[in-house]
Amino acid sequence: MSSDAQTYPSVVSIRNLHKSFGSNHVLRGFHLDVAAGENVAVMGKSGSGKSVLIKCIIGLEPIDEGQLIVLGKDVPKLSVRELDALRADVGFQFQGSALYDSMTVRENLEFPLRRHLEKIKGYRTEDLVKEALENVGLLNAIDLLPSELSGGMKKRIALARTIIMRPKLILYDEPTSGLDPITAREISRLIVDIQKQYQAASVVITHDLACARITGNRLVILADGNNYAEGKYEEVERMTDPVVHSFFT
Amino acid sequence: MLHLLRQFFFTTGQISRFAARYWREVWFPPYEFQELLKQCFLIGNKSMALVGTTGFIMGIVLTLQTRPTLIEFGAQSWMPAMVGIAIVREIGPVLTALICAGKVGSGIGAELASMKVTEQIDSMEVSGTNPFKYLVITRVTATTIMIPVLVIMSDLISLGGSAIVENLKGGVSFTLYFSKVLEFLQFGDLLPSIIKSFFFGFAIGIIGCYKGYTSSRGTEGVGRTANEAVVIASLLVFVLDFIAVLVTDIFYEL
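From a predicted model like this one, the values you see are computed outputs, not experimental measurements. (Residues numbered from 1 in each chain as written. Chains lettered and ligands numbered in written order. Predicted model: local features only at pLDDT ≥ 70, side-chain atom pairs only at ≥ 80, totals over all residues.)

## Considerations on the overall build of chain B
The helix and strand inventory of chain B stands at 8 helices and 0 strands. Each helix (α) and strand (β) of chain B, taken in turn from the N terminus, gives the series α-α-α-α-α-α-α-α. When the backbone C-alpha atoms are referred to their principal axes, chain B occupies close to 65 × 45 × 35 Å. Per-residue burial for chain B yields a buried fraction of 43% across its 254 residues. (Helix = DSSP H or I, 4+ residues; strand = E, 2+ residues; numbered from the N terminus. Buried ≥ 20, exposed ≤ 12 C-beta atoms within 10 Å, placed from the backbone.)

## Section: helix H3 (residues 79-117) of chain B
A bend of about 55° at Ile-87 of chain B is the largest found in H3 of chain B. With 30 of 39 residues buried, H3 of chain B is to be regarded as a mostly interior element. (Bend = angle between axes of the 7 residues up to and from the residue.)

## Focus: the sheet that holds strand S1 (residues 10-21) of chain A
Strand pairing in a sheet is mediated by backbone hydrogen bonds. Such pairs are either parallel or antiparallel. Residues and elements named next belong to chain A. Spatial strand order, S2-S1-S4-S5: 4 strands in an open sheet with antiparallel pairing. The outermost strands of the open sheet, each flanked by one partner alone, are strand S2 (24-35) and strand S5 (73-74). Pairing between strand S4 (residues 65-70) and S5: 2 bridges, direction antiparallel. When the sheet's bridge partners are listed, Ile-69 is paired in S5 with Asp-74. (Pairing = 2+ DSSP bridges.)

## Observations concerning the interface of chain B and chain A
At the interface, 10 residues of chain B touch 14 residues of chain A. Along the lines of polarity and charge, the residues of the side of chain B that touches chain A split into 1 nonpolar, 6 polar and 3 charged. (Contact = placed C-beta atoms within 7 Å. Nonpolar A, V, L, I, M, F, W, Y, C, P; charged D, E, K, R; others polar.)

## A short note on the sheet that holds strand S8 (residues 201-206) of chain A
Residues and elements named next belong to chain A. If you trace the 6 strands from one edge of the open sheet to the other, you get S6-S7-S8-S3-S9-S10, paired in mixed fashion. One side of each edge strand has no neighbouring strand; the edge strands of this open sheet are strand S6 (90-93) and strand S10 (226-231). Mean inter-strand twist for the sheet, computed between neighbouring axes without regard to direction, equals 20°. Here strand S9 (residues 218-223) pairs with S10 via 5 bridges, running antiparallel. What sits directly across from Leu-219, in S10, is Gly-231. (Axes fitted to C-alpha atoms, helices over the stretch in contact; angles between N-to-C directions.)

## So, the nonpolar core
Note on soluble globular proteins: their nonpolar side chains tend to be buried together. Judged by nonpolar contacts, the single largest core of 72 residues is most densely connected at Val-12, Val-42, Ile-57, Ala-160, Leu-169, Leu-171 and Val-203 of chain A. Counting 56 residues, the second largest nonpolar core, distinct from the first, contains Met-58, Ile-91, Val-104 and Ile-204 of chain B. (Core = buried A, V, L, I, M, F, W, Y, C linked by C-beta atoms within 7 Å.)

## A short note on the environment of Thr-125 of chain A
Residues and elements named next belong to chain A. In this structure, Thr-125 sits in helix H5 (residues 125-135). Residue class for Thr-125 comes out partly exposed when judged on the 15 C-beta atoms lying within 10 Å of it. In this structure, the C-alpha to C-alpha distance between Thr-125 and Arg-114, residues 11 residues apart in sequence, is 9.3 Å. Apart from residues no more than four positions distant in its own chain, Thr-125 is found in contact with Glu-110 and Leu-113.

## Some remarks on the packing of helix H2 (residues 33-72) of chain B against helix H5 (residues 131-170) of chain B
All names here are of chain B. Taken N-terminus to C-terminus, the directions of H2 and H5 make an angle of 30°; their axes are 6 Å apart at the nearest point. The orientation of H2 relative to H5 falls into the category roughly parallel. In the packing of H2 onto H5, the handedness of the crossing is right-handed. Of the residues contributing to the contact of H2 with H5, the split by class is 22 nonpolar, 15 polar and 5 charged. (Parallel < 35°, antiparallel > 145°, perpendicular 65-115°, else oblique. Left-handed = near helix turned anticlockwise from the far one by under 90°.)

## Notes on the confidence of the model for chain A
Averaged over chain A, the pLDDT score is 90; the fraction of residues at 70 or greater is 97%. The model gives residues 1-8 of chain A a pLDDT under 50, and that stretch makes 15 contacts with residues more than four places away or in other chains. (pLDDT = per-residue confidence, 0-100.)

## Some words on unusual backbone geometry
In this model, Pro-29 of chain B is joined to Pro-30 of chain B through a cis peptide bond whose omega is 0°. Mapped onto the fold, Pro-30 of chain B is located in the loop between helix H1 (2-25) and H2. Despite not being glycine, Glu-174 of chain A shows a phi value in the positive range, around 45°. The residue Glu-174 of chain A is located in the loop between strand S7 (169-173) and helix H7 (181-198) in this model. For Asp-224 of chain A, which is not glycine, the phi torsion reads 55° and is therefore positive.

As structure tokens, then:
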């Protein structure tokens, strides 16, 4: 993590977060602080609650108990309108890219702008779309439909749609899943470049070691619904605990 | 048996809540006019050929099937009245609604279920757009508006088909045929038919959207959703038609 990041207030502050689905207690007292400009990678086994965690952060899943503050807003207490306003500052990249099938790439990128025009006053929609596409290196795909894109291209377009609102926080749900190692590495580097360019903090949910190493200033291992281990990638990698070790072998 | 009954009441309750949410939210902004127009175009334009073709065939078949019997009783001149009333009151609305339940209802169900499975609905929500307003209200409103339009079109084409048969088989001119139809058709035949078409449209839209919006079980659920949307919407069309006939009958007796 950069030394600057430590001096900024927390972009995300989670304390004692609990979340259950029926009898399945997924998160059991999870806590996390993400500083401005910091990239935090969260690793965990499938079903450990990683995706649930970031869906709680964006308010897609209600929490059962605990404190969840994002960009200074107490998420569980926000009204629908306040939550919408908060979401203008938070980008979310879904695991399967979640591009709208019936819309072209251009329309997909314009979609988030339609409700938050006041935030990007002074910019032309066309310019924002082109800039976002240039940043992910896919300006030539502007008039294509999602069905005409490869898996890697879809991830890039989804990333472009995430950054078009110039968010202060970006949440990535398995950004490299389903990609070959070379494309996965390209996407991971792109995430780092985006973070540098937009100075946005990010939480990267992944079980791809290379992605966690490239993107994360800090690595959190989520196991048993809690922060099982935490630290810089190299520090966590050196831990001898069998659960932590199993992630690296 | 008890489980099925419980499931029936649970689903009915859920659909009623979903429909109530539509009526709660439809009045308030933001209004998605562009998407509404797009859906009206898709539903109307893409169903027009199918509805028109089946209506035309139905008009021909109905006339061909009833013609010998009417001739036997010397009541051939009643053909335009009989066919006109049958088509306008019952066959046109129900046939169009059933076709749209199959085509439009299943399409909406599959589309929304697929969007749900691929997290597109969640994506819409995090981008600050209310997916219920953007996806559900536009589609339900579009079916409610467009099904009556399709019904009127189907009625006219059916009568056209019937007129062609009468012209070819009985030498009845088109002018005479349609003037006879208009002579016997009353406003009281047309109005209930159009009103119930709005209900059919609403039912088809709301069932398709409910099944799609609440779909689960991954990609397997998409096919299941499309199937269930057709079955429930078709059944609901008959139930609503039954209620509409009962209510209309009360007014006729007044």
